[in-house]
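Structural overview
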Amino acid sequence: MAPRVLISDALSPAAVQIFKDRGIEVDFQPALGKDKDKLAEIIGDYDGLAIRSATKVTPKILAQAKRLKVVGRAGIGVDNVDIPAATAKGVIVMNTPFGNSITTAEHAIAMMFALAREIPAADASTQAGKWEKNRFMGVELTAKTLGIIGCGNIGSIVADRALGLKMKVIAFDPFLSPERALDLGVEKVELDDLLARADVITLHTPLTDKTRNVLSAEALAKTKKGVRIINCARGGLVDEVALAAALDSGQVGGAAFDVFVTEPANENPLFGHPNVICTPHLGASTTEAQENVALQVAEQMSDYLLRGAISNAVNFPSITAEEAPKLKPFIELAEKLGSFAGQLTDTDIKTVRITYDGAVAGLKIKALTSAAVAGLLRPALQDVNVVSAPSIAKERGIVIEETTRDVAGDYESLVTLTVVTEQMERSLSGTVFADGRPRIVDIKGIKVDAEFAPSMIYVTNEDRPGFVGRFAGLLGEAGINIATFALGRDRQGGDAIALVEIDGAAPEELLAKVQALPHVKQAKPLAF
Ligand SMILES: NC(=O)C1=CN([C@@H]2O[C@H](COP(=O)(O)OP(=O)(O)OC[C@H]3O[C@@H](n4cnc5c(N)ncnc54)[C@H](O)[C@@H]3O)[C@@H](O)[C@H]2O)C=CC1
Ligand SMILES: O=C(O)C(=O)COP(=O)(O)O
């Protein structure tokens, strides 16, 4: 069945075409994002959801999204998506981190000029027939200091443009390296220094708990008198009530805002102030940017839904379309090793150790580890997948350790999973043969060679003569056909294991009889 995608915001129709060309069914409902009840009602029918900022992907929506595999944000900010909730549901969230950055930076620059020359007010006055030439006295931007809070993709483009305007650019960004600052031609400063020196402040950070109200009443009080403030990033970075008061007192000379604490902003503490300019979240709204982000998000979502390739996901490592087929058999192996251990482990898991030896060490091991943990947790929690597994494990206090070793052993690639609980430590190793089929090659240090099958019986016993005959006899008596039979032992007369693939499920009574055979320690059914 072809995957189905819902577009619930006003994306460029270019996205619709891409989905169709790739063989994906697509429903384009550009106003749906504003109707959360309707969205909750229909989201269960879709594998993908493509959005901009109007659609809020809340836990309530996600709870209804039974088939959903991916949310694609045609743009940058993903603060309208509950990422932990999406991750816990195993839904990939991807954005398009560069497609609209130039356009948004240009909007910030446009806002700066609009503030410096009071263009909106001068326009309204002139068109009202007033010709108030003496009312509008602007400021020149050349040689003024621009303070950038958040010097990432957009902030850097703003810096570049402002340097072109012959401004002095200072930036506060704890993650900006001194080398990058030098490269950009900006002076890296602390926040208080920026507040004290900037003639114009522009914000370009995401909205997080750390950045919320970065321009608070206290911060605004530290600014240069008459400072102009631009926010084309996110509502909530500036305390709007405190800013309105600072505008009233003249501490702040003007503010240009594209984004607001509550959107759509039908009312706002800043509205109506003579020195305030507002636009309705237009930062990314150019034909070019919208084309870029729509094409990119549709390609990324299609690649994921059709080929398992992941790019620009905010909650999973990237996997290219070339890597995806190479990873696939190892993902299956990791998941099955995890599942093997999970089916045998009844108590609380403390630590999961995964070692990647040989060629597999060069693959995206994060994805493999996630798959192993998903397999491990699934017997206890049905609703877990490779996206949600690491966060669920973390929630449960399970420590995950990964090791890669570039060693060539008996196998070209070997994956070893060790599960540690309060009572025991159990290790399993597997590999993928040239046929692409995963095999288990070592259980608790005992060499075996078996495929993972839908119905298996796993027996641990003391290595004594007669066991195999008695075991096979019991299976025969129960009318159960043996498909494959793998045996291993650590030494003659030591610990032995049998891993038997059977046709059909193993009845409880049979397992009890096997368990009761002399020298058998445990007999467990396994299903893969
Ligand atoms: N108005 C609009 O339509 C648009 C708004 N945006 C907003 O712009 C924001 C920035 O976008 P990009 O530059 O692409 O993101 P980015 O991730 O490239 O840059 C963000 C920068 O903020 C810095 N940062 C993080 N925490 C900080 C803190 N506590 N203090 C100072 N700096 C901090 C980071 O180190 C990073 O360099 C987005 O998160 C989005 O919310 C983006 C596109 C359009
Ligand atoms: O990309 C972003 O972060 C934006 O804020 C753009 O928002 P929009 O897609 O125009 O609703």
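All figures in this text were calculated on a predicted structure; none of them were measured in a lab.

With respect to the overall build of the protein
Check the secondary structure of the protein and you find 17 helices and 22 strands. On C-alpha atoms alone, the protein measures out to a radius of gyration of 30 Å, which is more than a quarter above the 24 Å that the 2.2 N^0.38 rule sets for 528 residues. Here the C-alpha coordinates of the protein stretch approximately 110 × 45 × 35 Å along the principal axes. For the protein, the residues scored as buried account for 43% of the 528 residues in total. Nonlocal contacts in the protein, meaning residues at least 24 apart in sequence, comprise 64% of its contacts between residues at least 6 apart.

Comments concerning the site of ligand 1
What surrounds ligand 1 is a group of 31 residues, the closest being Gly-77, Gly-150, Gly-152, Pro-206 and Gly-283. Those elements that place two or more of their residues in the shell around ligand 1 are α5 (101–116) and α7 (153–164). Counting residues per element, the shell around ligand 1 draws most heavily on α7, at 3 residues. For the shell around ligand 1, the class distribution of residues is 13 nonpolar, 14 polar and 4 charged. Of the residues that make up the shell around ligand 1, three or more belong to each of domain 1 (4–99 + 288–307) and domain 2 (119–274).

Remarks on the site of ligand 2
Around ligand 2, a shell composed of Arg-52, Ser-53, Gly-75, Ile-76, Gly-77, Asn-100, His-281, Gly-283, Ala-284 and Ser-285 is seen. Here the residues of the shell around ligand 2 sort into 2 nonpolar, 7 polar and 1 charged.

What to know about the pairing of strand β13 (residues 349–358)
Note that β13 and strand β15 (residues 413–421) share 9 bridges and pair antiparallel. Directly across from Ile-354, in β15, lies its bridge partner Leu-417. In this structure, β13 lies alongside strand β14 (residues 399–405), joined through 7 bridges in parallel fashion. Looking across to β14, one finds that Asp-357 is bridged to Arg-405.

Some words on unusual backbone geometry
Cis geometry is adopted by the peptide bond preceding Pro-264, which originates at Glu-263 and carries an omega value of -5°. Take Pro-264: it is sitting in the loop between β11 (252–257) and β12 (276–278). Of note in the backbone geometry, Glu-118 takes a positive phi value of approximately 50° without being a glycine. Position of Glu-118 relative to the elements: it lies in the loop between α5 and α6 (119–127).

Quick notes on the sheet that holds β14
In space, the 6 strands of this open sheet follow the order β14-β13-β15-β16-β17-β18, with mixed pairing throughout. Taken across any chain shown, the strands that pair with only one partner, and hence form the sheet edges, are β14 and β18 (446–451). Averaged over all pairs of adjacent strands, the angle between their axes in this sheet comes to 20°, without regard to strand direction. In the sheet, strand β16 (residues 425–432) pairs with strand β17 (residues 438–443) via 5 bridges, with the strands oriented antiparallel. Bridging across to β17, Gly-430 finds its partner in Ile-440. Helix-sheet contacts for helix α13 (residues 323–344) involve β15, β16 and β17, and the interaxial angle to β16 is about 155°.

Section: the UniProt feature "domain: ACT" (unreviewed entry) in the protein
UniProt's feature table lists "domain: ACT" (unreviewed entry) at residues 456–528, given in the numbering used throughout. The annotated region residues 456–528 carries 26% helix and 41% strand content, and the separation between its end C-alpha atoms amounts to 8 Å.

What to know about the domain arrangement of the protein
Considered domain by domain, the protein is made up of domain 1 (4–99 + 288–307), domain 2 (119–274), domain 3 (319–444) and domain 4 (453–527). Between domain 1 and domain 2, the contact holds 4 residues from the first and 4 residues from the second. Tallied by class, residues from the side of domain 1 that touches domain 2 come to 2 nonpolar, 1 polar and 1 charged.

Considerations on helix α11 (residues 240–249)
Of the positions making up α11, those classed as buried are Glu-240, Ala-242, Leu-243, Ala-246 and Leu-247. Angular distribution of buried residues about the axis of α11 spans 155°; they occupy a single face of the element. What points out from α11, more than 90 degrees from its buried face, is the exposed set Val-241, Asp-248 and Ser-249. If you follow the buried residues of α11, they end up packed against α10 (217–221), β10 (227–231), β11 and β12. The positive-phi residue at the C-terminal boundary of α11 is Gly-250, with phi of around 90°.

Let's talk about the sheet that holds strand β6 (residues 145–149)
On the basis of which strands lie adjacent, the open sheet formed by 7 strands has the order β8-β7-β6-β9-β10-β11-β12 and parallel pairing. Two strands bound the open sheet, and with one partner strand each, they are β8 (187–188) and β12.

Brief notes about the packing of α5 against α7
Angle between the axes and distance between the axes: these two values describe a pair of packed helices. In the contact formed by α5 and α7, the axes pass within 8 Å of each other and the chain directions differ by 50°. Regarding the angle of α5 to α7, the classification is oblique. Our pair here, α5 against α7, has a crossing hand that is right-handed. Residues Ser-101, Ile-102, Thr-104, Ala-105, Ala-108 and Ile-109 of α5 lie in contact with α7, whose contacting residues are Asn-153, Ile-154, Ile-157, Val-158 and Arg-161. Along the lines of polarity and charge, the residues of the contact of α5 with α7 split into 7 nonpolar, 3 polar and 1 charged.

A few points about the environment of Ala-289
With respect to the helices and strands, the residue Ala-289 is situated in helix α12 (residues 287–307). For the pair Ala-289 and Glu-132, spaced 157 residues apart in sequence, the C-alpha to C-alpha distance is 37 Å. The contact partners of Ala-289, leaving out residues within four places of it in the chain, are Gly-99, Asn-100, Thr-103 and Ala-284.

A closer look at the pairing of strand β19 (residues 456–462)
Taken together, the 7 bridges between β19 and strand β21 (residues 495–502) define a ladder with antiparallel strand orientation. Paired with Thr-460 across the strands is Ile-497, a residue of β21. Examined bridge by bridge, β19 and strand β22 (residues 520–526) share 6 bridges and lie antiparallel to one another. Note that in β22 the partner of Val-459 across the bridge is Ala-523.

Criteria and cut-off values
Residues numbered from 1 in each chain as written. Chains lettered and ligands numbered in written order. Predicted model: local features only at pLDDT ≥ 70, side-chain atom pairs only at ≥ 80, totals over all residues. Helix = DSSP H or I, 4+ residues; strand = E, 2+ residues; numbered from the N terminus. Rg over C-alpha atoms; globule rule 2.2 N^0.38 Å. Buried ≥ 20, exposed ≤ 12 C-beta atoms within 10 Å, placed from the backbone. Contact = placed C-beta atoms within 7 Å. Near = placed C-beta within 6 Å. Nonpolar A, V, L, I, M, F, W, Y, C, P; charged D, E, K, R; others polar. Domains from an automatic or database assignment. Pairing = 2+ DSSP bridges. Axes fitted to C-alpha atoms, helices over the stretch in contact; angles between N-to-C directions. UniProt positions renumbered as here; feature names shortened; annotations may be inferred. Arc of directions from axis to C-beta. Parallel < 35°, antiparallel > 145°, perpendicular 65-115°, else oblique. Left-handed = near helix turned anticlockwise from the far one by under 90°.

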